[in-house]
Amino acid sequence: MPNMSARLTSFRTDVFGGTLRVPGDKSISHRALMLGAMAVGETTITGLLEGEDVLHTAAALRALGAAVMRDASGCWRVLGRGIGGLVEPADVLDMGNAGTGARLLLGLLATHPFTSVVTGDASLRTRPMQRVMEPLRRIGARFLSRAGGRLPLAVAGTASPVPIVYTLPVASAQVKSAVLLAALNTPGATTVIEPAPSRDHTERMLQEFGVTMRAETDPATGAKSITLIGQPEISGRAVSVPADPSSAALAAVAALLVPGGGVTLTGVGVNPLRYGVYETLREMGGSVEKHHERMESGEPVADIVIRHGALTGIDVPAARAPAMIDEYPVLAIAAACAHGITRLHGLAELRVKESDRLVAIARGLSACGGQVAVEGDTLIIHGSGGPPPGGARVVSAFDHRIAMAFLVLGMVTGAPVTVDDAQAIATSFPGFVSLMNDAGARIGNHEGEDSEPSSVFC
Ligand code: S3P
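Residues numbered from 1 in each chain as written. Predicted model: local features only at pLDDT ≥ 70, side-chain atom pairs only at ≥ 80, totals over all residues. Heavy atoms only, no water.

1. Observations regarding the side chain of serine 27
- Relative to the assigned elements, serine 27 resides in helix H1 (residues 26-38).
- Classification of serine 27 as buried rests on a relative accessible area of 8%.
- Side-chain polar atoms of serine 27 contact the side chain of arginine 199, separated by 2.8 Å.
- Sequence-distant contacts of serine 27, that is, excluding residues within four places in its chain, are made with Arg199, His201 and Arg274. (Helix = DSSP H or I, 4+ residues; strand = E, 2+ residues; numbered from the N terminus. Buried < 20%, exposed > 50% of the residue type's maximum accessible area, 1.4 Å probe, protein only. Polar contact = N/O pair within 3.5 Å; in protein donor to acceptor, adjacent residues only side chain to side chain. Contact = heavy atoms within 4.5 Å.)

Have a look at this one:
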């Protein structure tokens, strides 16, 4: 794990380009470890994200009895316990900063008949868990949590799970996945109905592992129902994790904004339910091309080629939010440098991410001299056809995506941008600074904010 400095400063970049491979997809990495732990025999995982969030999931699964190992070549091996085979952990399960890890794990624990206590870091302990406890209670699990359904909480899994039909109140892949993972050890057919499609990595990977699934979309409402037949026996297999499209979006926006910039991002997951930011950047006039589309472990993957060009503000509909929910911070940076107004609608869920991202984006852009307003769940950004002045210290609120997005902004502002605490970057994008700097960025832990760094960037 690279030692990520607390404070980082990004200075204006003259060139930005190359062929880059960002680390593995965080969502898929959590799922690969968890399904590996549920399978009988060995699952091998290549390209696993070795970020702190995923390492917390690996540690939790070890505490629950699965063997999870990394070999010298970087390939991970999981010796699974079989469905229903997890064992009571000897200690509290600490999921760190990982909302996905915590919520999906609660799904698995809900249908294992023992009691576990789950906690996380200061940020995760503020995040709502009620949304997963509610359906998991219907299946039969019992929970005791802090006020507001927050961690730490105790979960007593049920020995007699009941299959349910559950309609998600919000389009959340985490809640959907928690129910589907609980359904793995539930007899009969469990159905989840989602009002609007959210990322479907769990469904795809379950199918890869041979679980019987059915999906139907109601043509009238667009609602999708997903049914899983529980208590199958699944066997370990080889899983290849694509590069994370959310991490790749940071390099993509940098390439669009830096004059003369251009990157090829290799092996990126291009699942349509994760591709919203790339479509939006194209609609803004950006040069974004997909090459060599192929399938790997049930997921579409491609090389994405991005070239610098002027961007124009647009209206982004709320319906697109689930397909780009983690990319609003970096999209807001692109919008701040575009010509004209960008309106990003339907962002209520941003308030309950690793930080209140609506506040964090608006506060950071204003500090950097951008014009931004929040109206209800809409973020309105007035682009002035070039970067805002910069020269600010931005509060990251221990949110990796806020920290990285503002370091991208500092690559094009006249004055450098400093992020007060960049340590959270290690949760999702280990090696961010070196990858960006190898492509031409100048991000370092230089103390001064106004002067050039003297030599090496970390
Ligand atoms: C994720 C789903 C999203 C996303 C998160 C990862 C997942 O959260 O923000 O970073 O892997 O299922 P919601 O499902 O709560 O929207």
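2. Quick notes on the sheet that holds strand S23 (residues 417-419)
- Spatial strand order, S22-S23-S1-S24: 4 strands in an open sheet with mixed pairing. The open sheet has two free edges, formed respectively by strand S22 (393-394) and strand S24 (442-444), since each of these has just one partner strand.
- As defined by bridge partners, strand S1 (residues 8-11) adjoins S23 across 3 bridges and the pair is classed as antiparallel. By the bridge assignment for S23, threonine 9 is matched with threonine 418.
- Across the sheet, helix H11 (residues 400-410) lies against S1, S22, S23 and S24, angled at about 165 degrees from S23, the strand it touches most. (Pairing = 2+ DSSP bridges. Axes fitted to C-alpha atoms, helices over the stretch in contact; angles between N-to-C directions.)

3. Side note on the domain arrangement of the protein
- For the protein, the assigned domains are domain 1 (8-24 + 242-444) and domain 2 (26-230).
- Residue-level contacts link 27 residues of domain 1 with 25 residues of domain 2.
- Between domain 1 and domain 2, a total of about 2200 Å² is buried, with carbon and sulfur atoms accounting for 49% of that surface.
- For the pair domain 1 and domain 2, the interface holds 3 salt bridges.
- For the pair domain 1 and domain 2, the interface holds 14 residue pairs in polar contact (both at pLDDT 80 or more).
- Broken down by secondary-structure element, the contributors of at least two residues to the side of domain 1 that touches domain 2 are strand S17 (299-307), H11 and helix H12 (425-428).
- For the side of domain 1 that touches domain 2, the element with the highest residue contribution is H12, accounting for 3 residues.
- Residues of the side of domain 1 that touches domain 2, tallied by class, amount to 12 nonpolar, 7 polar and 8 charged. (Domains from an automatic or database assignment. Buried area = accessible area lost by both parts, 1.4 Å probe. Salt bridge = Lys/Arg side-chain N within 4 Å of Asp/Glu carboxyl O. Nonpolar A, V, L, I, M, F, W, Y, C, P; charged D, E, K, R; others polar.)

4. Description of the environment of valine 40
- Secondary-structure assignment places valine 40 in strand S3 (residues 40-46).
- For valine 40, a relative accessible area of 40% translates into the label partly exposed.
- Taking C-alpha positions, valine 40 is 39 Å from alanine 252, a pair spaced 212 residues apart along the chain.
- Once residues within four sequence positions are removed from consideration, valine 40 is found in contact with Gly82, Glu233, Ile234, Ser235 and Gly236.

5. What to know about the layout of surface pockets
- By volume, the largest pocket is sized at about 530 Å³.
- Along its surface, the largest pocket is lined by 32 residues, and Ala171, Ser172, Ile325, Glu349 and Lys353 are the ones closest to its centre.
- Of the residues that constitute the lining of the largest pocket, the class distribution is 10 nonpolar, 9 polar and 13 charged.
- Looking at which domains feed residues into the lining of the largest pocket, each of domain 1 (8-24 + 242-444) and domain 2 (26-230) supplies at least three.
- If you add up the space inside the second largest pocket, you get close to 200 Å³. (1 Å grid on protein atoms, 1.4 Å probe; cavity = no way out; pocket = protein on both sides within 12 Å on 5 of 7 lines; lining within 4 Å. Points joined across faces, edges and corners; volume = space filled by probe spheres on them.)

6. Some remarks on the environment of threonine 9
- Within the element layout of this structure, threonine 9 appears in strand S1.
- Look at threonine 9 and you get buried, because its relative accessible area is 0%.
- Along the chain, threonine 9 and valine 419 lie 410 residues apart, while their C-alpha atoms are 6.2 Å from each other.
- A distance of 2.7 Å separates the side chain of threonine 9 from the side chain of threonine 418, its partner in a polar contact.

7. Here's the deal with the site of the ligand
- The immediate surroundings of the ligand are formed by Ser27, Arg31, Thr100, Ser172, Ala173, Gln174, Arg199, Ile325, Asp326 and Lys353.
- Between glutamine 174 and the ligand, the recorded distance is 2.9 Å, taken from a backbone N or O atom to an oxygen atom.
- Taking aspartate 326, its side chain carries an N or O atom lying 2.7 Å from an oxygen atom of the ligand.
- Surface burial for the ligand is 95%, taken as the share of its 390 Å² of free accessible area covered by protein chains.
- When atoms are counted within 2 Å of each cavity's grid points, the one that captures over half of the ligand is the largest pocket.
- Looking at the shell around the ligand, the elements that each hand over two or more residues are H1 and helix H5 (173-184).
- Its residues placed into classes, the shell around the ligand shows 2 nonpolar, 4 polar and 4 charged.
- Counting residues domain by domain, the shell around the ligand receives three or more from each of domain 1 (8-24 + 242-444) and domain 2 (26-230). (Near = heavy atom within 4 Å. Areas by Shrake-Rupley, 256 points an atom, 1.4 Å probe, with all protein chains shown as cover. Sits in = over half its atoms within 2 Å of the grid points.)

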